[in-house]
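Now for the letters of each chain:
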Amino acid sequence: MMEQRTKKITTSILFVTGLLALLSSSACDDIDHLVKAGWNKPTNISPIYVMTSDLNERSLQVVKEGVTKAQEYLGNYGPLKVFIIGTDVQAANVVAKEFCEWTYEGKRRINECFYEDQGIQIRELAKYKSGSAYAETDGRQLSVPTRAITIGNPPYDYPNDIGGYKVAIHEYIHIYQHAHISDED
């Protein structure tokens, strides 16, 4: 009985040790992949801005100015796409598709993003006229890792509001932070 218990404990310890080694190896592969791709270094690649067709030039400029100000201070990390969402759900649908294709590879994963994950969130920014925003690093697993920022409805409809500017700076800080975090943990 005692021998059987010892054998179970030994087997459990070996299993946990093997699992930890596998996870550690996987994290190292992720780190190696990202470092080789320059994830943690500034780039010369300029951000790309995509916005829904219902927004005006002011929305774009407010966000661009915020990202540019943050880059002046922190450096230019990318490749980065900034998705700016207005209130037109159909237009948000088009941008959501582009977001998913920028962030994921493979039809299954792109469809999962579009129908079950971030695509829904992007459409909800439009539907609820939300001013929410978020930075994404799910593109870290691509052969050429990507980053994304999504901002809803800047500059938040006040004549002199620079809220979109501040939000763009805030979200870019997350891009910078993630550039210096090499594994998902």
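Look up a bit, the structure's there.
These notes cover the structure that comes with them. In this text the structure is predicted, and so the values were computed from the model without any measurement.

The rules behind each value
- Residue positions are given per chain, counting from 1 as you read along its sequence in written order.
- Reporting of local features is limited, given that this is a predicted model, to residues whose pLDDT is at least 70; pairs of side-chain atoms are given and counted only at 80 or more, and all residues count toward the totals for whole chains, interfaces and linings.
- Working from all heavy atoms in the structure, the side-chain values ignore hydrogens and water.
- When DSSP finds two or more bridges between a pair of strands, those strands are recorded as paired.
- Runs of H or I in DSSP of at least four residues are treated as helices and runs of E of at least two as strands, each being numbered from the N terminus.
- Note on definitions: angles span 0 to 180 degrees between N-to-C directions of axes, and those axes are lines fitted to C-alpha atoms, for helices only across the stretch in contact.
- The disulfide criterion used throughout: a pair of cysteine sulfur atoms within 2.5 Å.
- Side-chain atoms within 4.5 Å are what join buried Ala, Val, Leu, Ile, Met, Phe, Trp, Tyr and Cys residues into a set we call a nonpolar core.
- Accessible area is worked out with a 1.4 Å probe on protein chains only. A residue is then buried under 20% of its type maximum, exposed over 50%, and partly exposed in between.
- The criterion used for residue contact is that any of the two residues' heavy atoms lie within 4.5 Å.

### Observations concerning the sheet that holds strand E1 (residues 48-51)
Now for step 1: Taking strand neighbours across the sheet as the criterion, the four strands line up as E1-E2-E4-E3 in an open arrangement whose pairing is mixed. Both outer strands of the open sheet, E1 and strand E3 (133-136), are each paired with one neighbouring strand and no more. The sheet shows a mean angle of 15° between the axes of neighbouring strands, taken without regard to direction.
Now for step 2: Here E1 pairs with strand E2 (residues 80-85) via four bridges, running parallel.

### Quick word on the state of the cysteines
Working definition of a disulfide: a covalent bond connecting the sulfur atoms of two cysteines.
Now for step 1: On inspection of all chains with the given rule, the structure shows one disulfide.
Now for step 2: Note on cysteine connectivity: Cys100 is disulfide-linked to Cys113, with sulfurs 2.2 Å apart. Around the S-S axis, the bridge from Cys100 to Cys113 shows a dihedral of about -75° and counts as left-handed. With Cys100 in helix H3 (residues 89-103) and Cys113 in helix H4 (residues 107-116), this residue pair connects regions lying 13 residues apart in the sequence.

### Quick word on the nonpolar core
Now for step 1: Counting 18 residues, the largest nonpolar core has Phe83, Ile85, Phe99, Cys100 and Ile122 as its most contacted members.
Now for step 2: The element contributing the most residues to this core is H3, with six residues.
Now for step 3: Those residues within four positions of Ile122 in sequence are excluded, and the remaining contacts are Ile85, Ala92, Ala96, Phe99, Tyr134 and Thr150.
Now for step 4: Grouped together as the second largest cluster of nonpolar side chains are 16 residues, Val63, Val67, Ala70 and Tyr172 included.

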